[in-house]
Amino acid sequence: AELAERDPANLSLLLEMLLAQQLSRSGHSRVSYMWHYAPAMHEKSRCGYVGLKNLGATCYLNSLVQQLFLIPEFRAAILALQIEPPAPASATDAASDLSAADEPGGGDVLYYLQAMFGYLHESEKRWYDTRDFCGAFRDCENLPLNPSVQMDVDEFLNMLFEKLEAGLGRTSSPKLLQSLFGGSVVNQIIDKAGRRLSERVEPFFVISIEVKNKASVMDGLAQFVEGETLDGDNKYNFEGEYVEATKRCCISRLPPVLILHLKRFEFDFDLMKKMKLYDHCEFPPSIDMAPYTVRYLERQEKLLGEAEGPSPADEEDGDCVYELAGVLVHTGTSDSGHYYSFIRERRAAQPGAHPWLHLRLG
């Protein structure tokens, strides 16, 4: 306001900029079609957070982005990146071939994600329009995300991380995702004598666990590391000799932020269609992931024949204990439904304030 005081030119320029900002998210004036125009309806909600506008069927995107935004380390890292604005698209660029190493829209997705995070962090408006982000999010055929088609949120998360990795590769923090969400599992084949016949390490961002006939997340994790016996006609061929062995998958490195995916969708080969599992599956407020790590399992195997000695858990440090910080919920069927989020408040809570936020999008 001081820059425009007693300066008509500056005042006119300031008014034009403010008007453009107010109209940029909707594309037209609200006043022209809202005779009951009430600015308070567009102000930030009393909880202190900015929402994301549902463009039709983008509740999965909104719920996931809010979960990621409210991870303090990830939010701070994204906002601190130096990212150049994407160049205007041209017909020649759209028709050009993409190299195998270049994820379509990776840099643009990172730029618009940073813009979205900045808006969620600083805006005083009630919601942010994700149209620009959806337009920048391209599939393998270079088509933008269709806001009227709902996606499985786990599938979308994998696609989002692929694009962010491609975009981060051109910044000063190429390993950002790995440093926060990246872990690794080891696929082992072990014979009856305990020899490791084969080991293969694979990275992960998400651990998918079964919920069918599982009472809790721990039951799903126990099955995850349970292993499969290779015997009979299914014996393992080790250096030309078929031997009985156990094939299992266990965690070799845990990430700072652990994402668990409950596999609630499966394909029914009798009905030949995708089905949703409605099995009740409990999850605790905190979970110790040590029993599902390769270090724990190997120590347990060594102690099986010993009469005395410390238990595997006694030697484990506290780095494997995780506190529940967010739950992304799907309600509905495999064909249609709605996503919403519960997120634990990380800010200093006020006396009497509830530590959890319920972000339900329209």
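Residues numbered from 1 in each chain as written. Predicted model: local features only at pLDDT ≥ 70, side-chain atom pairs only at ≥ 80, totals over all residues. Heavy atoms only, no water.

S.K.: What exactly am I supposed to notice about the pairing of strand β15 (residues 326–332) here?
M.R.: Consecutive side chains along a regular strand alternate between the two faces of the sheet. As judged from the seven bridges shared by β15 and strand β16 (residues 337–344), these two strands associate in the antiparallel manner. Pairing of glycine 332 across the sheet is with glycine 337, part of β16. (Pairing = 2+ DSSP bridges. Helix = DSSP H or I, 4+ residues; strand = E, 2+ residues; numbered from the N terminus.)

S.K.: Explain the pattern of salt bridges to me, please; I cannot follow it from the model alone.
M.R.: Side chains carrying opposite charge are able to pair once their charged atoms draw close together. Taken as a whole and assessed by the stated rule, the structure comprises nine salt bridges. Arginine 196 serves as the salt-bridge partner of glutamate 298, at 3.4 Å between the closest nitrogen and oxygen. Note that glutamate 298 is positioned in helix α10 (residues 294–303) and arginine 196 in strand β4 (residues 196–204), a separation of 102 residues in sequence. Among the residues examined, arginine 196 registers a relative accessible area of 30% and is labelled partly exposed. Of the charged contacts, one joins glutamate 210 and lysine 263 as a salt bridge, the two residues approaching to 3.0 Å between their closest N and O atoms. One end of the pair, glutamate 210, is in strand β5 (residues 207–210); the other, lysine 263, is in strand β10 (residues 260–263), with 53 residues separating them in the sequence. (Salt bridge = Lys/Arg side-chain N within 4 Å of Asp/Glu carboxyl O. Buried < 20%, exposed > 50% of the residue type's maximum accessible area, 1.4 Å probe, protein only.)

S.K.: It is not clear to me how helix α3 (residues 72–79) should be interpreted in this structure. Could you clarify?
M.R.: Within α3 the residues assigned to the buried category are Phe74, Arg75 and Ile78. Angularly, the buried residues of α3 cover 100° about the axis, an arc narrow enough to put them on a single face. (Arc of directions from axis to C-beta.)

S.K.: Explain the nonpolar core here, please?
M.R.: A general feature of soluble globular proteins is that nonpolar side chains tend to end up buried together. Grouped together as the largest cluster of nonpolar side chains are 48 residues, with contacts concentrated most on Phe74, Phe133, Phe156, Leu160, Leu164 and Phe181. Looking at this core, the elements with two or more residues in it are α2 (59–69), α3, α5 (106–122), α6 (131–136), α7 (153–168), α8 (176–181), β16 and β17 (356–359). Dropping the residues within four chain positions of it, phenylalanine 156 is found in contact with Tyr60, Leu61, Leu64, Phe133, Phe137, Leu145 and Met151. Counting residues in hydrophobic clusters, the runner-up holds 24 residues, among them Ile207, Val225, Ile251 and Cys320. (Core = buried A, V, L, I, M, F, W, Y, C linked by side-chain atoms within 4.5 Å. Contact = heavy atoms within 4.5 Å.)

S.K.: Looking at this model, I keep getting lost on the sheet that holds strand β6 (residues 228–230). Mind explaining?
M.R.: Think of a sheet as strands paired side by side through backbone hydrogen bonds, with each pair either parallel or antiparallel. The four strands lie next to each other as β4-β3-β9-β6, forming an open sheet whose pairing is antiparallel. What marks the edges here is a single partner per strand, and that holds for β4 and β6. The average angle at which neighbouring strand axes cross in this sheet is 25°, direction not considered. Inspection of the sheet shows strand β3 (residues 183–191) paired to β4 by eight bridges, in the antiparallel sense. Bridging from a neighbouring strand, isoleucine 189 pairs with serine 198 of β4. (Axes fitted to C-alpha atoms, helices over the stretch in contact; angles between N-to-C directions.)

S.K.: Help me understand unusual backbone geometry, please; the structure alone is not making it clear to me.
M.R.: Where the residue is not glycine, phi is negative for most of them; where a peptide bond is considered, it is trans in most cases. One non-glycine residue, asparagine 142, lies in positive phi territory at about 65°. Position of asparagine 142 among the secondary structure elements: in the loop between α6 and α7. Overall, asparagine 142 belongs to the partly exposed group, its relative accessible area being 25%. Unlike most non-glycine residues, asparagine 213 shows phi in positive territory, near 60°. Residue placement: asparagine 213 occurs in the loop between β5 and α9 (217–224).

S.K.: Sorry, what's going on with the packing of α2 against α7 here?
M.R.: Two packed helices can be described by the angle between their axes and the distance between those axes. Where α2 contacts α7, the axes come no closer than 10 Å and their chain directions differ by 60°. With respect to their mutual orientation, α2 and α7 come out oblique. Our pair here, α2 against α7, has a crossing hand that is right-handed. Across the interface between the two elements, Tyr60, Leu61, Leu64 and Leu68 of α2 pack against Val153, Phe156, Leu157 and Leu160 of α7. Of the residues assigned to the contact of α2 with α7, the class counts are eight nonpolar, no polar and no charged. (Parallel < 35°, antiparallel > 145°, perpendicular 65-115°, else oblique. Left-handed = near helix turned anticlockwise from the far one by under 90°. Nonpolar A, V, L, I, M, F, W, Y, C, P; charged D, E, K, R; others polar.)

S.K.: Hey, could you run me through the pairing of strand β9 (residues 245–253) in this one?
M.R.: Bridge count for β3 against β9 is eight bridges, and the pairing is antiparallel. Within β9, the position partnered with aspartate 191 by the bridge is alanine 245. The pairing of β6 with β9 spans three bridges and is classified as antiparallel. Bridging across to β9, threonine 229 finds its partner in threonine 246.

S.K.: Honestly, the packing of aromatic side chains in this entry has me stumped. Any pointers?
M.R.: By convention here, two paired aromatic rings are described through the distance between centres and the angle between planes. Overall, the coordinates contain 12 aromatic pairs when judged by the stated rule. Ring centres 5.3 Å apart and planes at 70° place the aromatic pair phenylalanine 69 and phenylalanine 117 in the edge-to-face group. Here phenylalanine 117 lies in helix α5 and phenylalanine 69 lies in helix α2, a separation of 48 residues in the sequence. What links up through ring pairs into an aromatic cluster is the set Phe69, Phe74, Phe117, Phe161, Phe181 and Phe205. Cation over ring: lysine 163 sits above phenylalanine 137, and NZ or CZ is 5.1 Å from the ring centre. (Phe/Tyr/Trp six-rings, centres within 6.5 Å; stacked < 30°, edge-to-face > 60°. Lys NZ or Arg CZ within 6 Å of the ring centre and 35° of its normal.)

S.K.: I would appreciate a short explanation of the confidence of the model for the protein chain in the present structure.
M.R.: Regions with low pLDDT carry predicted coordinates that are not meant to be interpreted in detail. On average, residues of the protein chain score 84 in pLDDT, and 82% of them reach the 70 mark or higher. Low pLDDT (under 50) marks residues 91–102, which in the prediction has four contacts with non-local residues, meaning those over four places away or in another chain. (pLDDT = per-residue confidence, 0-100.)

S.K.: I tried to follow the side chain of aspartate 191 on my own but got confused; where do I start?
M.R.: When you line up the elements, aspartate 191 lands in strand β3. In this structure aspartate 191 comes out as buried when scored by relative accessible area, which is 10%. A polar atom in the side chain of aspartate 191 sits 3.1 Å from the backbone nitrogen of alanine 193. Reaching out from aspartate 191, the side chain makes a polar contact with the backbone nitrogen of glycine 194 at a distance of 3.0 Å. The residues touching aspartate 191, leaving out its near neighbours within four places in the chain, are Leu197, Glu244 and Ala245. (Polar contact = N/O pair within 3.5 Å; in protein donor to acceptor, adjacent residues only side chain to side chain.)

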